[in-house]
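Listed below are the residues making up each chain.
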Amino acid sequence: MNAQIELLKQPAFPGLIKTHLITLSTSDDVEDRENEKGRLEEAYEKCDRDLDELIVQHYTELTTAIRTYQSITERITNSRNKIKQVKENLLSCKMLLHCKRDELRKLWIEGIEHKHVLNLLDEIENIKQVPQKLEQCMASKHYLSATDMLVREARANGHFC
């Protein structure tokens, strides 16, 4: 019992309630307890009436505050939903980009392969034209040009160091 009284005496406990509870817990007389109970009930009723009067006096301010709070709450909820949707969209984009990245890498490699094949085809075309050009040079007695062409083509194809 003394521990309860000490708890009630601590400064964190509200004043009026603390006083009433200390009085009720330390009182040995039933009549004192009934009197204290009556005072508590009167204080409660007075607080209730005062609260009702304040509500009537400040009704417009209260309703404005409540509507504002409701509006803010709705906006916060809408913002949270939009943020959730944006996160989902970002994840979806990330997945699609990852898939596209693999596809783009594959297409890039294919492009390099095709470019290499085109270079090989150009070299083959040039090699196919060497005999004809060589004959033209020989026919016109441009032996030096014919030799240069043969050496150039041989180096291009890796036959000379």
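The model shown is predicted, which means the values in this text are computed figures rather than measured ones. (Residues numbered from 1 in each chain as written. Predicted model: local features only at pLDDT ≥ 70, side-chain atom pairs only at ≥ 80, totals over all residues. Heavy atoms only, no water.)

Caption draft 1: Structural detail: the overall build of the protein. Across its full length, the protein carries five helices and zero strands. Evaluated residue by residue, the protein yields a buried proportion of 9% over its 161 residues. For the protein, the exposed area adds up to about 14400 Å²; of that, 60% sits on carbon and sulfur atoms. (Helix = DSSP H or I, 4+ residues; strand = E, 2+ residues; numbered from the N terminus. Buried < 20%, exposed > 50% of the residue type's maximum accessible area, 1.4 Å probe, protein only. Areas by Shrake-Rupley, 256 points an atom, 1.4 Å probe, with all protein chains shown as cover.)

Caption draft 2: Focus on the pattern of salt bridges. Scanning all chains against the criterion turns up one salt bridge. With a closest N to O distance of 2.9 Å, Lys46 and Asp50 form a salt bridge. Of the two residues, Lys46 and Asp50 both sit in helix 3 (residues 30-57), four residues apart, roughly one turn of that helix. Classification of Asp50 by relative accessible area gives partly exposed; the value is 31%. (Salt bridge = Lys/Arg side-chain N within 4 Å of Asp/Glu carboxyl O.)

Caption draft 3: Structural view of the packing of helix 3 against helix 4 (residues 59-139). Where helix 3 contacts helix 4, the two axes come as close as 4 Å, and the packing angle between them is 80 degrees. The angle between helix 3 and helix 4 falls in the class roughly perpendicular. In this structure, helix 3 uses Ile55, Val56 and Gln57 to contact helix 4, whose residues at the interface are Tyr59, Glu61 and Leu62. Tallied by class, the residues present in the contact of helix 3 with helix 4 amount to four nonpolar, one polar and one charged. (Axes fitted to C-alpha atoms, helices over the stretch in contact; angles between N-to-C directions. Parallel < 35°, antiparallel > 145°, perpendicular 65-115°, else oblique. Contact = heavy atoms within 4.5 Å. Nonpolar A, V, L, I, M, F, W, Y, C, P; charged D, E, K, R; others polar.)

Caption draft 4: Quick look at the side chain of Glu153. As for its placement among the helices and strands, Glu153 is situated in helix 5 (residues 143-156). Among buried charged residues, Glu153 stands out as having no salt bridge; its nearest opposite-charge side chain is Arg152, 4.9 Å away. Apart from residues lying up to four places away in sequence, Glu153 is in contact with Asn126, Ile127 and Val130. (Lys, Arg positive; Asp, Glu negative; His and termini not counted.)

Caption draft 5: How the structure looks around helix 4. An ideal rise of 1.5 Å per residue puts 120 Å on 81 residues; helix 4 measures up with 114 Å between its terminal C-alpha atoms. Along helix 4, the sharpest change in direction is near 35 degrees and occurs at Val130; proline Pro131 comes one to four residues later. Three or more residues of helix 4 are buried, namely Thr63, Val130 and Cys137. On its buried face, helix 4 sits against helix 5. (Expected span 1.5 Å × (residues − 1). Bend = angle between axes of the 7 residues up to and from the residue.)

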